[in-house]
Amino acid sequence: MKSNYKNIFTPLTIKNMTMRNRIMMTPMGTNYGEQTGEMSFLHIDYYTERAKGGVGLIMVENASVDSPLGSNGTTQIRIDHDNYMPRFFKLCETLHAHGACVGVQLNHAGASAQSKRTNMQPVSASDIPSKAGGEIPRPLKVEEIYEIVKKYGEAAARAQACGFDCVEIHAGHSYLLSQFMSPTTNKRTDEFGGCPENRARFTKLVIEEVRKTCGKDFIIDVRISGDEYCDGGLNLNDGIYIAKQLEKAGADMIHVSGGTTIMRGSSIPAPGTKQGSHAKLSEEIKKHTSIPIATVGRITEPWIADELIANGKADICMIGRANLCDSEFANKAEKGMDNDIRPCIGCLRCLNGIMFGKRVSCTINPSLEIENEDTLKLSNTKKKILVIGGGPAGMEAAYVAKKRGHHVVLCDQNEELGGLMRIASVPIAKQDLSKVTQYMVRKLEETGVEIRLNCTVNKELLQNEFADYEVIISNGASPIVIQPFTAFKHWATADDILGGKASPGRKIVIIGGGSVGCETADYLAPLV
């Protein structure tokens, strides 16, 4: 079955590069890199799965053009030396073989670098940290700016030689080029400070250097924050003006994001927030430029991507987390298999882990690194397996066991599967969790797992019908009940309220200010 998403599945040609569709995978950090800064083979496998999955253009995560000074992490990949080229060449060769175009993001962290990693004081436009609690950077001298410009050009030349179709110059999200463009971090009084044109001079010089180094046909994409969403920062008017200046300087495409690292949720939107969160910015910038414009921000379903392009919000949709969650996102969308797309809930586990130096992971895609959930091999020994509890853990256990060829019975005492995840999807901004339940139930039904609802497994069942079964118990957690409070006429747990088993009065006291308590208060506030 073919989908009706003709807008995102219309090819797009930029100079000599033709994308098979308008889906572009955003450059997301993975911490898969080697300690030396070299791309790992795990990296190559990870991107290969997304190329096989149908992505039009894969933009590889940010590569350092100037290490250690501009390094953004201990396992950040590097492109500041020829030593790193062989694996980039292998990556490009592999992704092209699967029909994807491929680019790499070039970046200098500036004040976002940390001296504990680099043994050097960070640098920036001025002596202003790029985020709350950040280190005070050293303002770059003019001659140092031109040295870094040259390094961008050299890095782009390496990318071109390795077979990349394009490069993306990261000039947003409070990294070095953004630190020069933003009035909050640039207090210079020379030719690189003051008016928007001067603040954008560094980025324009980088574009011109890449053009001089790589030639007129090589594609240059620039990522900007079209609005920094903070007092004193860049606003949409600035973003429009800067985008026009970058086009004049030679940019072939502009990736319009928003926000800063000072306000992390502004650049990477949280779960429950609107999809296409930066589309207003891309729409306005698109009106004032003549090159392709990409939008980004919680584009987690095919229909929203198609609507954004159909409604003139952008020419390309940057889809990051959804492609991380399901490497087959694009293929499934093109085939009309929306219900089979593993749903991204926007929980940001993929970000949280790498912020603490761990490798990227996904709450909903447990096989992210090895991508084996759909290729599980049959077990040599067939078993009878009873899974007690139909929450997310129980459903995943039952699914994997069935895929391995075992006979599986899943029992749950409730009338619906989902366990505590059904309750967790009730509070405001948590509705995406219900999609996970739907997705997992559908997988169980498709694989033929025997599901018994309203079934309480007791000793008699275990000793008789399931006597020769191996048992997996996944019955979840029970809320803590403070016994003295049960003496009140009206009392209930948060699970009772969210699960519809109890209705509160108009005067409510919630005991416990953790996430459950806060979400329950948020849920009840409009109702009382």
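Keep in mind that what you see is a predicted model, and the values were worked out from it rather than measured. (Residues numbered from 1 in each chain as written. Predicted model: local features only at pLDDT ≥ 70, side-chain atom pairs only at ≥ 80, totals over all residues. Heavy atoms only, no water.)

Concerning the sheet that holds strand β8 (residues 166-171)
Spelled out, the test is: If DSSP finds at least two bridges between two strands, the strands pair. In this description a helix means any DSSP run of H or I spanning at least four residues, a strand means any run of E spanning at least two, and both kinds are numbered starting from the N terminus. Angles run from 0 to 180 degrees between N-to-C directions of axes, and those axes are lines fitted to C-alpha atoms, restricted for helices to the stretch in contact. What makes two residues a contact is simply this: any of their non-hydrogen atoms within 4.5 Å.
Taking strand neighbours around the barrel as the criterion, the 8 strands line up as β3-β4-β5-β8-β9-β10-β11-β12 in a closed arrangement whose pairing is parallel. The sheet shows a mean angle of 25° between the axes of neighbouring strands, taken without regard to direction. Most of the contacts of helix α4 (residues 142-162) go to strand β5 (residues 101-107), to which it runs at about 160°, and overall it touches β5 and β8. Most of the contacts of helix α10 (residues 279-287) go to strand β11 (residues 293-295), to which it runs at about 170°, and overall it touches β9 (219-225), β10 (253-257) and β11.

Here's the deal with the environment of Glu416
By the secondary structure assignment, Glu416 is in the loop between β14 (407-411) and α16 (420-424). With sequence-adjacent residues up to four places away left out, Glu416 is seen in contact with Arg422 and Leu453.

Observations concerning the packing of aromatic side chains
Definition in use: Any Phe, Tyr or Trp ring, taking Trp's six-membered ring, that has another such ring centre within 6.5 Å forms a pair; planes under 30 degrees apart are called stacked, those over 60 apart edge-to-face, and the others tilted. Only protein chains enter the accessibility calculation, which uses a 1.4 Å probe; a residue is then buried when its area is under 20% of its type maximum, exposed when over 50%, and partly exposed in between.
Applying the stated criterion to the full structure yields 8 aromatic pairs. Taking 5.0 Å as the distance between ring centres and 85° as the angle between the ring planes, the aromatic pair formed by Phe466 and Tyr469 counts as edge-to-face. Taken as a pair, Phe466 and Tyr469 share a single burial class, namely buried. Aromatic ring contacts, followed pair by pair, group Tyr146, Phe180, Phe192 and Phe202 into a single cluster.

A few points about the sheet that holds β14
As summarised here, the arrangement of the 4 strands in space is β15-β14-β13-β16, forming an open sheet in which the pairing is parallel. Only two strands of the sheet have a single partner each, and these edge strands are β15 (450-452) and β16 (470-473). Strand after strand, the sheet turns through a mean of 20° between neighbouring axes, direction not considered. Sheet topology places strand β13 (residues 384-388) next to β16; 4 bridges connect them, and they run parallel. Paired with Ile388 across the two strands is Ile473, which belongs to β16. Sheet strands in contact with helix α15 (residues 392-403) are β13, β14 and β16, and its direction is about 165° off that of β14.

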